[in-house]
Amino acid sequence: MAVKNILETIRDTMAEEMRRDPQIVVTGEDVGPRGGVFRATQGLYAEFGPDRVIDSPLSESSIIAVGIGMALHGLRPICEIQFADFIYPAMNQIVSEVALMRYRSQGAWTCPLVIRAPYGGGIGGGLYHSQSIEATFAHFPGLYVVAPATPYDAKGLLRAALQSADPVLFLENKKTYRLVKGEVPDTPYVVPIGRADIKRPGRDLSVFCYGMMLHECLKAAEQLAAEHIEVEVVDLRTIAPLDKATILDSVARTSKALIVHEDNQSFGVGAEVAALLAAEAFDDLDAPVLRYGAPDVPGVPFSLPLQSFFMPDAARIAQSMRWLAQY
Amino acid sequence: MTALTLNEFITRDYAAELPPDELLRAHRLMLLARKLDERCWILHRQGKIAFHISGIGQEACQLAVGMALRPGRDYYFPHYRDLVTVLALGMTPLDIFLSTYGKADDPSSHGRQMPNHYNLAAQRIVSISSPTATQVPQCAGVAFAIKLRGEQKVAMCALGEGATSQGDWHEGLNWAGIHRLPFICLVENNHYAISVPLDKQMAVAGPAERAYGYGMPGVVYDGNDFFASYNATREAVERARRGDGPTLLEARTTRLTAHSSDDDDRTYRDRAELEAQKQRDPLPLFTQALVSRGLLSQAALHATEAEVLAEIDEAQTAALAAAYPQPEETLLGVFVADSVGDRAVRAWCWPGGRLPQSPAEEHADGR
């Protein structure tokens, strides 16, 4: 078992799966000889050649639309959007086509493609290289949205996505790419889509998070452990559909819930989890359900003091946890 | 149907009519932009700035825009490599450094955008985003408004050849052609979209080949030659002002650096190719032309170099000393001040931060 970072894990998993399945192709901007701007496809062009690792024109809409066509005729495309912020020209293809193909044709046509999109802030990327897009796309049924936060989960979820009968938006948090390392089994395994994971058990309150915020929440939980407050940290891993059973079971044990995400606070994943708890965990709750999302401004600012203010961090998450624990 | 050559397109040698002081002003601008650009690379290598994206090698076609448009009257939607263009249109080295350092007085975005995302409304430089080609149909919209209002203005946008693959590019040119708008689209064709070469971007020799499909002339010229670039750009501007409609300009140029400070072009670009391109560096070409015309002496060149370096040093020092925005300013400017939207945004706080009292105090009275 090797220790890898998330970027290496995604690259190795794509290579392994492409060796196993000749129908898998990769397309996107700079995925060829350049190996992707984050190096996620490094080596794939050399190994699999220009017919399976295809530099696309600079046109996100076409990356998805051509991927749809490939999938309609039996290929298994991995479509890379260079930064999640640049996905919007492809919005029509994703929302009107990818997510609707099965439903509108009663399953006669499907397009099980995997859309990989690096997302998230705190990396000096400013308004257009930092965005979180999960809530936007989670709103559209017909599309799975996953967001692994560890190397182990990245491999398992990417393999699950490549085996899925339906399309998957595979969100990769940029800040975790090289920062987060962990053991990754060499053997093939799957982390099922739709399953959350308790990354740290605790009895006093539950925190639901994903992506880079998992690691900020784990840091905050460690601080609170020193204050004898035991926080349960639940990694949602799949945003759509939510793993309701794991969420409800956790709150049944802790009676308190906080949701943390770096996406904007309003109309997001936090609201969805809170609505679930309001409807189905009302009798279990001993405190208001809290959410900590980024301010409702339309992008992560570049200037460092502004970026720091925008991004949820362990110190402020710990403050939110304390408030809830003391309630 | 192919693109036009410069000689097929122009009706006059506009560059020959530029007076010596204008040529020297242009040369100083190119020198200033080059030295400022080089300074940013140095600062990045020293770890003192987070990011830089360069215009080095493309300055001649860019500067031609700055010299052909009327600052503050004609509209310009820049490409992110257009440092010399925005300097020619009225931005200053201090403006550039304030943005690079993310300082509060950055006129482009008050520290919100990454560097090189230019904006200076007073000079009609329209704020650009990072998604590519979005500005092209917007530029058509400005041109439509100019036409509707009966003004003698021009709306111009610039982008790289990679961005012409976006649907927005097609949509913008289609509008401009249909309505014969006072619109100019400059494609700075440096043959690379980050790593993707031209032949993986399009099946034709360049974007100007497509102009016929939009009902406008497409012109190809040497974008590293200031004189050729000025002639092409000025003719397009005159056409637009005369009411003769839009033009697609394609400047064949060279990107003499990696895509950005985050890129390493050795993984995809042959060094010999780059060395050959350096022989076409627009700055020495322009300098040599002015020297051989007797307009610029070596002594004057050295004096100007010293002058622009001093100007850059001064701007850098001032920008370093300038204040950062206050953290809470993150919440300002989403909507007009004191509106219902603005109040909603400013009300944000993280849980726990919202409640100054301890929960025990807050709920002491009989929850």
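Every value quoted in this text rests on a predicted model; they were computed, and no experiment measured them. (Residues numbered from 1 in each chain as written. Chains lettered and ligands numbered in written order. Predicted model: local features only at pLDDT ≥ 70, side-chain atom pairs only at ≥ 80, totals over all residues. Heavy atoms only, no water.)

## Quick look at the pattern of salt bridges
Two side chains of opposite charge can pair, provided their charged atoms sit close to one another.
All names here are of chain B.
Okay, so step 1: Applying the stated rule across the entire model yields 47 salt bridges over all chains.
Okay, so step 2: Put simply, D222 and R280 hold a salt bridge, and the shortest N to O gap is 3.1 Å. Residue D222 is found in strand β7 (residues 218-222), and its partner R280 is found in the loop between α9 (271-278) and α10 (282-292); the two are separated by 58 residues along the sequence.
Okay, so step 3: We classify D222 as partly exposed; its relative accessible area is 33%.
Okay, so step 4: In this structure, R252 engages E250 in a salt bridge whose closest nitrogen and oxygen atoms are separated by 2.6 Å. (Salt bridge = Lys/Arg side-chain N within 4 Å of Asp/Glu carboxyl O. Helix = DSSP H or I, 4+ residues; strand = E, 2+ residues; numbered from the N terminus. Buried < 20%, exposed > 50% of the residue type's maximum accessible area, 1.4 Å probe, protein only.)

## Things to note about the environment of L249 of chain B
All names here are of chain B.
Okay, so step 1: Tracing the chain through its elements places L249 in strand β8 (residues 247-252).
Okay, so step 2: According to the relative accessible area criterion, L249 is buried, its value standing at 0%.
Okay, so step 3: Once the C-alpha coordinates of L249 and A337 are considered, the two residues, 88 residues apart in sequence, prove to be 41 Å apart.
Okay, so step 4: Not counting residues within four places of it along the chain, the set of residues in contact with L249 comprises F9, M156, I184, C185, L186, V187, V219, Y221, A232, T233 and A236. (Contact = heavy atoms within 4.5 Å.)

## Quick notes on the sheet that holds strand β12 (residues 238-240) of chain A
Residue and element names in this part refer to chain A.
Okay, so step 1: One open sheet accounts for 7 strands, arranged β3-β2-β4-β5-β7-β6-β12; its pairing is mixed. Only two strands of the sheet have a single partner each, and these edge strands are β3 (53-55) and β12. With strand direction ignored, the average angle separating the axes of adjacent strands in the sheet is 20 degrees.
Okay, so step 2: Judged from the 5 bridges that link them, strand β2 (residues 24-28) and strand β4 (residues 76-80) form a sheet pairing that is parallel. Following the sheet pairing, V25 is matched in β4 by P77. (Pairing = 2+ DSSP bridges. Axes fitted to C-alpha atoms, helices over the stretch in contact; angles between N-to-C directions.)

## Topic: the pairing of strand β5 (residues 114-119) of chain A
All names here are of chain A.
Okay, so step 1: Within β5, 6 of the 6 residues are buried, which leaves it mostly tucked inside the rest of the structure.
Okay, so step 2: With burial as the criterion, each face of β5 is covered, one bearing V114, R116 and P118 and the other bearing I115, A117 and Y119.
Okay, so step 3: Taken together, the 3 bridges between β4 and β5 define a ladder with parallel strand orientation. The partner of I78 across the bridge, within β5, is V114.
Okay, so step 4: Sheet topology note: the β5/strand β7 (residues 168-173) ladder contains 6 bridges and is parallel.

## Thoughts on the packing of aromatic side chains
All names here are of chain B.
Okay, so step 1: A complete count under the given rule lists 16 aromatic pairs over all chains for this structure.
Okay, so step 2: For the ring pair F144 and W175, a centre distance of 6.2 Å and an interplane angle of 75 degrees mean the geometry is edge-to-face. In this pair, F144 is assigned in helix α6 (residues 135-148) and W175 in helix α7 (residues 167-178), connecting sequence segments 31 residues apart.
Okay, so step 3: For F144, a relative accessible area of 29% puts it in the partly exposed group.
Okay, so step 4: A relative accessible area of 49% places W175 in the partly exposed class. (Phe/Tyr/Trp six-rings, centres within 6.5 Å; stacked < 30°, edge-to-face > 60°.)

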